[in-house]
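Per-entry structural report
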2 protein chains.
Amino acid sequence: MIIEQTKKNKTFNGETCYYKHKSVVTGTSMAFSTFEPRPKEEIENAIIWLSGLTCTEENFITKSGVQKLLAGTNTMVICPDTSPRGLELDKEHESYDFGSGASFYLNATTSGYKDHYKMYDYVSIELIEILKKNFNVKKISIMGHSMGGHGALVLALNEINLFSSVSAFSPIVNPSECSWGRKAFKGYLGEDSDEYSKYDATLLIKNKNLRSDKILIDQGLADEFLEKELLTDNFIQVCNDAGQELEVNYREGYDHSYFFISTFLEDHITHHLNILNQ
Amino acid sequence: MIIEQTKKNKTFNGETCYYKHKSVVTGTSMAFSTFEPRPKEEIENAIIWLSGLTCTEENFITKSGVQKLLAGTNTMVICPDTSPRGLELDKEHESYDFGSGASFYLNATTSGYKDHYKMYDYVSIELIEILKKNFNVKKISIMGHSMGGHGALVLALNEINLFSSVSAFSPIVNPSECSWGRKAFKGYLGEDSDEYSKYDATLLIKNKNLRSDKILIDQGLADEFLEKELLTDNFIQVCNDAGQELEVNYREGYDHSYFFISTFLEDHITHHLNILNQ
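To start, this report covers the structure provided alongside it. In this convention, every chain numbers its residues from 1, walking through the sequence in written order. Chain letters start at A and ligand numbers start at 1, both assigned in the order the entries are written. Side-chain atom pairs in this predicted model are given and counted only at pLDDT of 80 or more, local residue features only at pLDDT of at least 70, and totals for whole chains, interfaces and linings cover all residues. To get the side-chain values, take all heavy atoms of the structure and skip hydrogens and water.

The next point concerns the overall build of chain A. Within chain A one finds 10 helices and 9 strands. Radius of gyration: C-alpha atoms only; globule rule: 2.2 Å multiplied by the number of residues to the exponent 0.38. Radius of gyration (C-alpha) of chain A: 17 Å, near the 19 Å computed for a compact globule of 278 residues. With the C-alpha coordinates aligned to their principal axes, the bounding extent of chain A is approximately 45 × 40 × 35 Å. Within chain A, the fraction of its 278 residues that count as buried is 62%. Every residue pair with non-hydrogen atoms within 4.5 Å of one another is taken to be in contact. For chain A, contacts bridging at least 24 residues in sequence account for 71% of all contacts bridging at least 6. Under the counting rule used here, the positive set is Lys and Arg, the negative set is Asp and Glu, and His together with the chain ends is not counted. Charged side chains are reduced to one point each, which is NZ for Lys, CZ for Arg, CG for Asp and CD for Glu. If you average the places of the 27 positive and of the 39 negative side-chain charges in chain A, the two averages end up 5 Å apart. Labels follow the DSSP assignment, with helices taken as runs of H or I lasting at least four residues and strands as runs of E lasting at least two, numbered in each case from the N terminus. Relative accessible area decides the class of each residue, using a 1.4 Å probe on protein chains only: under 20% of the type maximum gives buried, over 50% gives exposed, and in between gives partly exposed.

Put into structure tokens, the structure is as follows:
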């Protein structure tokens, strides 16, 4: 896979890098950022970070403080953009919660979108291939925030063996039942509810897509989206019923922002490093 | 002083906040951000952070990771915007290195600018008053990056007793001798070279404005501006000649970015906390 490094900045004795490449899956140019704590030949593992609505490959790598936490380890982080770019599909740029910056990490089936908005395959096939071929990575974990937390859970519950561990901040755990999710599913998947259940973490658990490792979630209690969009309790309920090990940390006073993520990121990185290095 | 909190986000058990207020000094609305690690009544000290060209009150507080380093301490950080806003002065918005976002933290004397671009007084009088009256802060240190590193050094070398300690990342140490500085000085101060010497850290040391505490500077050796704009060695030379204690850490491979700042910020915060808590 040919990837082009567009920028690098030495950080905590490693490198924060930006790349772009022609994606076979999306048919567009795609961008991602990385933090590579050691030279490529010394890197063994990767954590994929999926960002939320309106974000790009830049938000997490500039705001989270992840470099300090991975400095000196054998584990890189890779942060793909949140959608294909450079297209002019119907309604693609009209709202913050659909189209560009809002892929929901699924494979679209609706007209126009089905040719490009295949972010599920982009992450689970193409990005994995890049990690294995271009970075020589062996084990991979996945995490994300909000829409990206949804993406991380859905990918990890469908591709059980592809990912060593999964965690999420403020994830949309039951998109079939919230307005963000319903709008996205209708726009990308039409009316086919069989398709919906592939991309809904709560339904996946209900349908017994279980993991043997513990799922870690942090959720702020002052998060303005908790009640109407995130629906964390629905996920807790089905995990309890199905016997899926789950740790949900509700955090008093914390909201939906990167300030929340930065506060508890160390716990998540530790969770992933422990499993990746087993 | 009436200040209005426009936003707050719980972070590392403290609060990241944004404020605005009517400035008597600049005659405009001014904005600043803070991280307040504990409730106001438990805060004793503050570190002022001055940002560089093109920045606002947002860059440092979102990108540096300072919250993790100040969490639980008695010391807040306050980050003012880099210039007055909302004006339409001659040439104010034409270039990235003059006018809005590029105040150089001096008191302008040229037509138009002299009524508003008084950032030296804004920081050394009005911001100090806000810290003392609104936050009940006792001791104050100052630091900054690039143009803000210049501001921190100039303020600390002129107002010896106002600041407990000073440090800088990639500061413009000798603005009279570089093109960024010359352009700014000409635009804000005209041709009066007596004025220039008040705002040039290298000339201030030469003129025996010395501090009893050690000045700490970190400078990346891959910084594209080092040779032509920052001129670090000039400052080292005059500090040596004048007997000013100075620690300059040249950092191999690091550039001018916030990734560099985040890497070595802990050393600077430790430097300030040690002196503030003496």
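Residue and element names in this part refer to chain B. In this analysis an axis means a line fitted to C-alpha atoms, helices contributing only their contacting stretch, and an angle means the value between N-to-C directions, from 0 to 180 degrees. Two elements in contact, helix H3 (residues 119-134) and helix H4 (residues 147-158), have axes separated by 11 Å at closest approach and are oriented at 60 degrees. With respect to H4, the axis of H3 lies oblique. You can see that H3 and H4 cross each other, and the crossing is right-handed. Where H3 approaches H4, its residues Tyr-120, Val-123 and Ser-124 are matched on the opposing element by Val-154, Leu-155 and Asn-158. In the scheme used here, Gly and all other residues not listed as nonpolar or charged are polar, with Ala, Val, Leu, Ile, Met, Phe, Trp, Tyr, Cys and Pro taken as nonpolar and Asp, Glu, Lys and Arg as charged. Classifying every residue of the contact of H3 with H4 gives 4 nonpolar, 2 polar and no charged. Here the word oblique covers every angle except those under 35 degrees (roughly parallel), over 145 (roughly antiparallel) and from 65 to 115 (roughly perpendicular). Crossings are classed by handedness, with left-handed meaning an anticlockwise turn of the near helix from the far one by less than a right angle and right-handed meaning a clockwise turn.

For the rest of this paragraph, the subject is the relation of the copies chain A and chain B. Expressed as a screw transformation, the operator carrying chain A onto chain B has a rotation angle of 180 degrees and an axial translation of 0.0 Å, and the superposed copies differ by an RMSD of 0.0 Å. Between the two chains, the operation in question is that of a two-fold axis. The C-alpha atom lying nearest the rotation axis in chain A is that of Lys-63 of chain A; the distance is 2.4 Å. When the interface residues of chain A are mapped onto chain B, 100% of them are again interface residues, pointing to one common binding face. Superposing copies: least-squares fit, C-alpha atoms only, residues required to have pLDDT of at least 70 in both.

None of the figures reported here should be taken as evidence of function without further support.
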